[in-house]
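Chain by chain, the residues:
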Amino acid sequence: MSCRRGALIVLEGVDKAGKTTQCKKLVHALQQSGRAAEMMRFPDRTTQIGQLISSYLEKKSNLEDHTIHLLFSANRWELVPLMKKKLEQGITLVVDRYAFSGVAFTSAKPDFSLEWCKCPDVGLPKPDLVMFLQLNPSVAAERGEFGTERYETSTFQRTVQQRFEQLMKDPSVNWKVIDATKSIEVVHNDIKVLCENTLNTCENLPIGELWK
Ligand code: NYM
């Protein structure tokens, strides 16, 4: 059985959880099984807004905290028409980070509430499945040094993890937690099983609206 429309599948998690590797493997596996599937990632650094974000993350520019939060959100909204078009064409989208990263990272900064952070992303296409790659921050640290971009410190990532845990309490989102300490192949298989279930159940369902 296949979806009339494509499914919107998101992978989330703290840095070094293996999201990008797993997104690529999932897209490949879906394509091998004869499904149309494409990968997307946020931030999408290729657009004009994405370039502002990239320069901020690389610490080449400074932006006020609310401003950068809104730019991350704008970067998702600018891609919504394309996402909807692809989903309607039957293409399953596997997305590396989405609004949940947006909320988790900004709300890890002082004086930002989860509620305020969610506002600009309310109404985005709602993922059919959000898989959270769970990795203890101390295990993540063993996977090697963080890079040099903004937010890449153990202390900040621990707060981000707590914010994700708060977001995962929301039953309106189809969260599934994956144990990302396992090997790449085992994690990949866990992800494929969850995906297969989603692809089989989302047939005929309209694309939902996030947090609405
Ligand atoms: N990030 C990502 C945010 O702060 N807000 C967002 O809305 C999104 C999508 O940008 N540290 C942060 C999380 C990451 C960084 O890194 C993007 P990468 O390696 O391109 O996924």
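Colleague: How should the overall build of the chain be read in this particular structure?
Modeller: Along the backbone of the chain there are nine helices and seven strands. Counting only C-alpha atoms and orienting by the principal axes, one finds that the chain spans roughly 45 × 35 × 30 Å. Contacts in the chain between residues far apart in sequence, at least 24 positions, make up 81% of those at least 6 positions apart. Charge-centre separation for the chain: the mean point of 28 positive side chains lies 2 Å from the mean point of 26 negative side chains.

Colleague: Would you explain the packing of aromatic side chains in this entry?
Modeller: Centre distance and the angle of the planes are the two values used to describe a pair of aromatic rings. Inspection of the entire model under this criterion finds 11 aromatic pairs. On the numbers, 4.9 Å between centres and 65° between planes, the contact of Phe100 with Trp175 is edge-to-face. In this pair, Phe100 is assigned in helix α5 (residues 99-106) and Trp175 in strand β6 (residues 175-179), connecting sequence segments 75 residues apart. Three or more aromatic residues link up through ring pairs in this structure, and these residues are Phe42, Tyr98, Phe100, Phe132, Phe164, Trp175 and Trp211. If you follow Arg150 out to its NZ or CZ, it ends over the ring of Tyr56, 3.9 Å from the centre.

Colleague: Sorry if this is basic, but what is going on with unusual backbone geometry here?
Modeller: A cis amide bond, omega 0°, links Phe42 with the succeeding residue Pro43. Inspection of the secondary structure assignment puts Pro43 in the loop between β2 (37-41) and α2 (48-57). A positive phi angle, near 60°, is found at Lys59, a position not held by glycine. Summarising the element assignment, Lys59 is placed in the loop between α2 and α3 (65-77).

Colleague: How should the site of the ligand be read in this particular structure?
Modeller: Surrounding the ligand, one finds 13 residues, the nearest of these being Arg45, Phe72, Arg76, Arg97 and Gly102. In this structure, Arg97 approaches the ligand through a side-chain N or O atom, which is 2.8 Å from an oxygen atom. Contact with the protein chains removes 91% of the 490 Å² of surface that the ligand exposes when unbound. Ranked by residue count, the leading element in the shell around the ligand is α5, at three residues.

Colleague: Whenever I open this one, helix α8 (residues 154-167) confuses me. Can you help?
Modeller: The α-helix advances 3.6 residues per turn, and as a result positions three or four apart in sequence lie on the same side. In a regular helix each residue adds 1.5 Å, so 14 residues correspond to 20 Å; α8 covers 20 Å between its end C-alpha atoms and thus fits that length. When we look at burial in α8, the residues that qualify are Phe156, Gln157, Val160, Gln161, Phe164 and Leu167. Along the axis of α8, the buried residues cluster in a sector spanning 145°; they form a single face. Residues of α8 that are buried make contact with β1 (8-12), α5, α6 (114-118), β5 (129-134) and β6.

Colleague: Looking at this structure, how should I read the nonpolar core?
Modeller: Nonpolar side chains in soluble globular proteins tend to end up buried together. Counting 41 residues, the largest nonpolar core has Tyr98, Phe100, Phe164 and Leu167 as the members making the most contacts within it. Take this core: its biggest share by element is five residues, from α5. Contact partners of Phe100, with chain neighbours within four places excluded, come to Val10, Glu12, Pro127, Val130, Phe164, Leu167, Val173, Trp175, Leu210 and Trp211. Core analysis: the next-biggest nonpolar cluster, separate from the first, contains 23 residues, Ala37, Ala180, Cys195 and Cys202 among them.

Colleague: I'm lost on helix α9 (residues 184-201) in this one. Help?
Modeller: Spanning 18 residues, α9 covers 26 Å between terminal C-alpha atoms, matching the ideal 26 Å at 1.5 Å per step. Of all the residues in α9, the buried ones are Val187, His188, Ile191, Leu194, Cys195, Thr198 and Leu199. Looking straight down α9, one finds its buried side chains confined to an arc of 140°; they lie on one side. Facing away from the buried surface of α9 by more than 90 degrees, the exposed residues are Val193 and Thr201. In this fold, the buried residues of α9 make contact with β1, α1 (19-32), β3 (92-96), β5 and β6.

Calculation criteria
Residues numbered from 1 in each chain as written. Predicted model: local features only at pLDDT ≥ 70, side-chain atom pairs only at ≥ 80, totals over all residues. Heavy atoms only, no water. Helix = DSSP H or I, 4+ residues; strand = E, 2+ residues; numbered from the N terminus. Contact = heavy atoms within 4.5 Å. Lys, Arg positive; Asp, Glu negative; His and termini not counted. Charge placed at Lys NZ, Arg CZ, Asp CG, Glu CD. Phe/Tyr/Trp six-rings, centres within 6.5 Å; stacked < 30°, edge-to-face > 60°. Lys NZ or Arg CZ within 6 Å of the ring centre and 35° of its normal. Near = heavy atom within 4 Å. Polar contact = N/O pair within 3.5 Å; in protein donor to acceptor, adjacent residues only side chain to side chain. Areas by Shrake-Rupley, 256 points an atom, 1.4 Å probe, with all protein chains shown as cover. Expected span 1.5 Å × (residues − 1). Buried < 20%, exposed > 50% of the residue type's maximum accessible area, 1.4 Å probe, protein only. Arc of directions from axis to C-beta. Core = buried A, V, L, I, M, F, W, Y, C linked by side-chain atoms within 4.5 Å.

Note that every value here comes from positions in space, so none of it alone points to a role or purpose.
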